[in-house]
Amino acid sequence: MSRNEIAFTLHVGGETTRKTICIDHAIIAGWTGRDPVAREKHIAELEELGVPRPASTPIYYRVASRRLTTDNSIEVSGSDSSGEVEFVLIQSGGERYIGLGSDHTDRKVETYNITASKQMCDKPIAGELWAYEEVRGHWDSLILRSWAWWGGEKTLYQEGPITAMLPPEEIVKGFEGRDSLPDGAAMFCGTLAALGGIRPAPKFEFEIEDSVLGRRIRHAYEIAELPVLG
C-alpha cells in the first residue's frame with residue numbers, strides 16, 4: 001500500500017493546529033453533478049475533447065496516494081493537461097475534514113483511457129482543512145472558484161455553489177456502500193463546468209469560500225511542461 005504523509009493546518013473550533021495525516025487511499029469521484037443538466041454539460045464538454053461518456057454516474061477512480069501534493073508546482077508530460085477545482089473529503093482519526101484540490105488530468109490520455117489519465121498527473125491540494133461538522137449546517141452556502149493564468153493575466157475559469165455536486169454523504173455512500181470513508185482516505189468529489197471550455201494554462205489557482213464563517217481555503221500551482229519526444 002502506498003502511503004503519503006501530508007502536513008495540514010486544521011481549523012477546528014476556532015483553533016488552528018498542525019497535523020500530519022497519512023493518506024493511504026486516494027479516490028477521484030467523477031460525474032457527481034446534482035443537476036442532470038449541468039452534469040450533461042460537463043460530459044458534453046469532455047466529449048468535445050474526445051472523452052467517452054462514463055459507464056455510470058457517479059464513477060470512482062483510484063489513484064496512487066502519492067499523487068497528492070501541497071507543492072506550488074507540478075511537472076507534466078506535454079501540453080495536454082489542465083486542472084479543475086474540487087472539494088476534497090479526508091477521513092483521519094475517525095473525523096471527516098473538508099479540503100480543496102485540483103484534479104489535474106492529461107486530457108489527451110483521457111480520450112482513450114480515463115483511469116490512466118487520472119494517474120498521469122499529480123493532484124495539487126491545499127494545505128488547510130476544515131472540520132466537516134462545522135460547515136455541514138450551512139453546506140449550501142459554500143462556493144468553489146478557480147482561475148487560470150495566461151500571459152500573466154488571471155482569468156476566472158470556474159465558479160459556482162458547492163451544491164452543483166451531490167451531497168457529500170451521497171457521494172461517499174456510492175463508493176463502497178458505507179456511510180464513511182476508510183480512515184486515511186482522501187476523495188475528490190467532482191467539479192464545475194469550465195467557463196469557455198477546458199483548456200491548459202501555465203498556472204492554476206482555486207478556492208473554496210465559506211461566507212457564513214468568513215473564511216477561505218486557497219491554493220495555486222504552476223505547471224511545468226516536460227517534452228514528449230515519442
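Rules of the game
- Residues numbered from 1 in each chain as written.
- Predicted model: local features only at pLDDT ≥ 70, side-chain atom pairs only at ≥ 80, totals over all residues.
- Heavy atoms only, no water.
- Salt bridge = Lys/Arg side-chain N within 4 Å of Asp/Glu carboxyl O.
- Helix = DSSP H or I, 4+ residues; strand = E, 2+ residues; numbered from the N terminus.
- Buried < 20%, exposed > 50% of the residue type's maximum accessible area, 1.4 Å probe, protein only.
- Contact = heavy atoms within 4.5 Å.
- Pairing = 2+ DSSP bridges.
- Axes fitted to C-alpha atoms, helices over the stretch in contact; angles between N-to-C directions.
- Arc of directions from axis to C-beta.
- Core = buried A, V, L, I, M, F, W, Y, C linked by side-chain atoms within 4.5 Å.

(A) Molecular detail of the pattern of salt bridges. All told, the structure shown has 22 salt bridges when counted by the stated rule. In this structure, the salt-bridge partner of Arg107 is Glu110, at a minimum N-O distance of 3.0 Å. Residue Arg107 and its partner Glu110 are both found in helix H2 (residues 107-110); the two are separated by 3 residues, about one turn of the helix. Residue Arg107 shares its accessibility class with Glu110, and that shared class is buried. With its nearest N and O atoms 3.3 Å apart, the salt bridge here joins Arg215 to Asp210.

(B) Spatial organisation of the environment of Ile198. In this fold, Ile198 is placed in the loop between strand E15 (185-188) and strand E16 (203-210). For Ile198, a relative accessible area of 16% translates into the label buried. For Ile198 and Gly83, which are 115 residues apart along the polypeptide, the C-alpha to C-alpha distance reads 8.8 Å. Once residues within four sequence positions are removed from consideration, Ile198 is found in contact with His42, Glu45, Leu46, Leu49, Ser82, Arg107 and Tyr157.

(C) Here's a closer look at the pairing of strand E13 (residues 143-150). Both E13 and strand E14 (residues 153-161) contribute to a ladder of 8 bridges, which runs antiparallel. Residue pairing in the sheet places Arg145 in a bridge with Glu159 of E14. What sits between E13 and E14 in their antiparallel hairpin is a turn of 2 residues, with Gly151 showing a positive phi close to 55°.

(D) Main features of the sheet that holds strand E6 (residues 73-77). Spatially, E6-E17-E16-E13-E14 is the arrangement adopted by the 5 strands of the open sheet, whose pairing is mixed. Each of the sheet's edge strands pairs with one partner strand only, and the pair in question is E6 and E14. Taking each pair of neighbouring strands and ignoring which way they run, the sheet shows an average axis angle of 25°. Two strands pair when backbone bridges link them, and E13 and E16 are joined in this way by 7 bridges, in the antiparallel orientation. Within E16, the residue paired with Leu144 across the bridge is Ile208.

(E) Inspection of the sheet that holds strand E3 (residues 25-30) at higher detail. The 8 strands lie next to each other as E2-E1-E12-E9-E8-E15-E3-E4, forming an open sheet whose pairing is mixed. Looking along the sheet, the strands with just one partner apiece sit at the ends: strand E2 (15-23) and strand E4 (59-63). The mean angle between the axes of side-by-side strands here comes to 30°, regardless of whether they run parallel or antiparallel. Taken together, the 8 bridges between strand E8 (residues 85-92) and strand E9 (residues 95-102) define a ladder with antiparallel strand orientation.

(F) A look at helix H5 (residues 168-176). Burial in H5 covers these residues: Pro168, Ile171, Val172 and Phe175. Buried positions in H5, seen along its axis, are confined to an arc of 95° and lie on one side of it. Close packing links the buried residues of H5 with E3, E4, E8, E9 and E15. Backbone geometry just downstream of H5 places Gly177 in the positive-phi region, at approximately 75°.

(G) Spatial organisation of the nonpolar core. Among the nonpolar cores identified, the biggest contains 63 residues, and Phe87, Ile98, Met187 and Ile208 are the most heavily contacted of them. Top element by residues in this core is E8. It accounts for 5 residues.

(H) Up close: unusual backbone geometry. Omega for the bond connecting Thr57 with Pro58 falls within 30 degrees of zero, at -5°, which places this linkage in the cis form. Note that Pro58 resides in the loop between helix H1 (36-47) and E4. Despite not being glycine, Trp31 has its phi angle at roughly 55°, a positive value. Positionally, Trp31 belongs in the loop between E3 and H1. On the basis of relative accessibility, which here comes to 9%, the residue Trp31 falls in the buried class.

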